[in-house]
Amino acid sequence: MKSFGIRVPASSANIGPGFDSMGLALNLYLTLKVSPSDKWEITQHSPNLPEQTDYDNHYIIQVARSVAANWNQELPACSITIESEIPLARGLGSSASAIVAGIELADQACNLNLTQEQKLEIGTEIEGHPDNVAPALVGGFIISTVVNDDVDWASLQDPDLEVILYIPGSDLKTEEARSVLPENYTREHAASASAISNVLIASLAAGDYSLAGKMMEQDVFHEPYRASMIPNYHDIRREAKQQGAYGTVISGAGPTMMSFVPKDKGQMIVAHFQEFLPDYQVVLLQADHTGSSIISNF
Ligand SMILES: Nc1ncnc2c1ncn2[C@@H]1O[C@H](COP(=O)(O)OP(=O)(O)O)[C@@H](O)[C@H]1O
Ligand SMILES: N[C@@H](CCOP(=O)(O)O)C(=O)O
């Protein structure tokens, strides 16, 4: 085995009504540098990583070992240096990026030659929904679903707008934010929720961003149940709208919020929010179009 690198982007899932289905890859990255070694060694260089350097309990290694075991292989010992720009448990898909990194690690270290569809199915099974795993693997704006154990997906052309994230200092585990959602929805509720999502996708495809922003803020699948867990939810939505944002939603399961804004307005809205929310990291990001990648000669 030669040394190699793995780079996986962050992602913002749901985009309002696209619950468990829509996700946009973003230019914040989890990066692993992997070298062959006669013993396991994990070095981490980032405040965005859990304090686990014991390989037995490390999530990325656990995923890689279980993927290797499913192909009747054993993950060889490696020396791995991990860095991350993706804040943990903030609704930016850190767990999906870690899962994708684990799958890529097993694929490279054990020469599994997994296809992208196999990686997507394994990652979705582990994460439970494809909305972060799909853009983390493929890049771009991905709409995905699971039908009869197949993960089906389509890529939406990159919308011509800017993305702002409002990242608070506190975290929120996805599991906790899922526990407040209803078990069932009435037919009327579900029909309305999916109709709103349909209009969102059609309006994004048509480039009608005002309508898209309106639909983003009309979600009835998850946002109404989570709003009280998200710091400054109503203030951020109201203030962003006043500053010219098309629409503002919970990023993933939160607590980060995300706005789509017109192309020339991003810097101005970020500057406004840096004063309005001084305790937040307010950042302008770009879509990632590459998805996870292997870097040789790292
Ligand atoms: N790079 C990583 N290495 C190991 N574990 C990770 C990594 N990134 C995320 N995780 C695991 O995923 C958890 C966060 O997942 P989750 O609650 O779904 O939030 P997020 O919105 O960031 O995906 C972390 O607490 C940690 O257990
Ligand atoms: N559809 C999921 C997305 C979770 O995203 P994350 O970035 O918070 O892990 C949900 O809304 O629960």
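What counts, and at which threshold
- Residues numbered from 1 in each chain as written.
- Chains lettered and ligands numbered in written order.
- Predicted model: local features only at pLDDT ≥ 70, side-chain atom pairs only at ≥ 80, totals over all residues.
- UniProt positions renumbered as here; feature names shortened; annotations may be inferred.
- Helix = DSSP H or I, 4+ residues; strand = E, 2+ residues; numbered from the N terminus.
- Contact = placed C-beta atoms within 7 Å.
- Near = placed C-beta within 6 Å.
- Nonpolar A, V, L, I, M, F, W, Y, C, P; charged D, E, K, R; others polar.
- Domains from an automatic or database assignment.
- Buried ≥ 20, exposed ≤ 12 C-beta atoms within 10 Å, placed from the backbone.
- Pairing = 2+ DSSP bridges.
- Axes fitted to C-alpha atoms, helices over the stretch in contact; angles between N-to-C directions.
- Parallel < 35°, antiparallel > 145°, perpendicular 65-115°, else oblique.
- Left-handed = near helix turned anticlockwise from the far one by under 90°.

Trainee: Provide a residue-level description of the UniProt feature "binding site: ATP" (unreviewed entry) in the protein, including the pertinent values.
Mentor: In the numbering used here, UniProt assigns the "binding site: ATP" (unreviewed entry) feature to Pro87, Leu88, Ala89, Arg90, Gly91, Leu92, Gly93, Ser94, Ser95, Ala96 and Ser97. Residue position: Gly91 is located in the loop between β4 (78-84) and α2 (94-109). In this structure, Ala96 sits in helix α2. In this structure Ala96 touches Ser11, Gly123, Glu127, Asn132, Val133 and Ala136, once residues within four positions along its chain are discounted.

Trainee: Any chance you could break down the site of ligand 1 for me, citing the residues and the numbers?
Mentor: Around ligand 1 there are 18 residues in total, and Tyr59, Ser94, Ser95, Ala98 and Thr174 lie nearest to it. It is α2 that provides the largest number of residues to the shell around ligand 1, a total of three residues. Taken together, the residues of the shell around ligand 1 sort by class into nine nonpolar, seven polar and two charged. Of the domains in this structure, domain 1 (4-156 + 288-296) and domain 2 (162-285) are the two that each give at least three residues to the shell around ligand 1.

Trainee: Describe the UniProt feature "domain: GHMP kinase N-terminal" (unreviewed entry) in the protein, listing the residues and the values that go with them.
Mentor: UniProt's feature table lists "domain: GHMP kinase N-terminal" (unreviewed entry) at residues 59-140, given in the numbering used throughout. What you have in residues 59-140 is 56% helix and 9% strand, and the ends, taken at the C-alpha atoms, are 25 Å apart.

Trainee: Help me get a handle on the site of ligand 2, residues and values and all.
Mentor: Inspection of the region around ligand 2 gives 17 residues, with Ala13, Gly91, Thr174, Gly252 and Ala253 positioned closest. It is helix α5 (residues 174-178) that provides the largest number of residues to the shell around ligand 2, a total of three residues. Of the residues belonging to the shell around ligand 2, the class tally is five nonpolar, nine polar and three charged. Inspection of the shell around ligand 2 shows a minimum of three residues originating in each of domain 1 (4-156 + 288-296) and domain 2 (162-285).

Trainee: Can you break down the pairing of β4 residue by residue, with the values?
Mentor: Residues Cys78, Ile80, Ile82 and Ser84 line the buried face of β4, whereas the alternating positions Ser79, Thr81 and Glu83 sit on a face that is not buried. In this sheet, β4 lies alongside strand β2 (residues 22-36) in antiparallel orientation, the contact comprising seven bridges. By the bridge assignment, Leu32 is partnered in β4 with Ile82. In this sheet, β4 lies alongside strand β3 (residues 41-44) in parallel orientation, the contact comprising four bridges. The partner of Glu41 across the bridge, within β4, is Ser79.

Trainee: An account of the environment of Thr290 is needed here, citing residue identities and associated values.
Mentor: Here Thr290 shows up in the loop between β10 (281-285) and β11 (293-296). Along the backbone, Thr290 and Ala25 are 265 residues apart, and their C-alpha atoms lie at a distance of 8.7 Å.

Trainee: Help me get a handle on unusual backbone geometry, residues and values and all.
Mentor: Residue Pro255 is reached from Gly254 by a cis peptide bond, and omega for that bond is 10°. For Asp20, which is not a glycine, the phi torsion comes out positive at approximately 65°. Within the secondary structure, Asp20 sits in the loop between β1 (4-13) and β2. Using a count of 18 C-beta atoms within 10 Å as the deciding quantity, one classes Asp20 as partly exposed. For Asn113, which is not glycine, the phi torsion reads 55° and is therefore positive. Position of Asn113 among the secondary structure elements: in the loop between α2 and α3 (116-127).

Trainee: Could you give an account of the domain arrangement of the protein, naming the residues involved and the relevant values?
Mentor: Here the protein is described as being made up of domain 1 (4-156 + 288-296) and domain 2 (162-285). If you average the C-alpha positions of domain 1 and of domain 2, the two centres end up 24 Å apart. Contacts between the two partners involve 22 residues from domain 1 and, on the opposite side, 32 residues from domain 2. Listing elements by their share of the side of domain 1 that touches domain 2, those giving two or more residues are β1 and β2. Per element, the largest residue contribution to the side of domain 1 that touches domain 2 is three residues, and it comes from β2.

Trainee: How would you explain the packing of α2 against α3 if you had to name every residue and give the values?
Mentor: The N-to-C vectors of α2 and α3 enclose an angle of 135°; their axes lie 10 Å apart at closest approach. Comparing the axis directions of α2 and α3 gives the class oblique. Where α2 crosses over α3, the handedness of that crossing is right-handed. Within the contact between the two elements, α2 uses Ser95, Ala96, Ile99, Val100 and Ile103 and α3 uses Lys119, Ile122, Gly123, Ile126 and Glu127. Classifying every residue of the contact of α2 with α3 gives six nonpolar, two polar and two charged.

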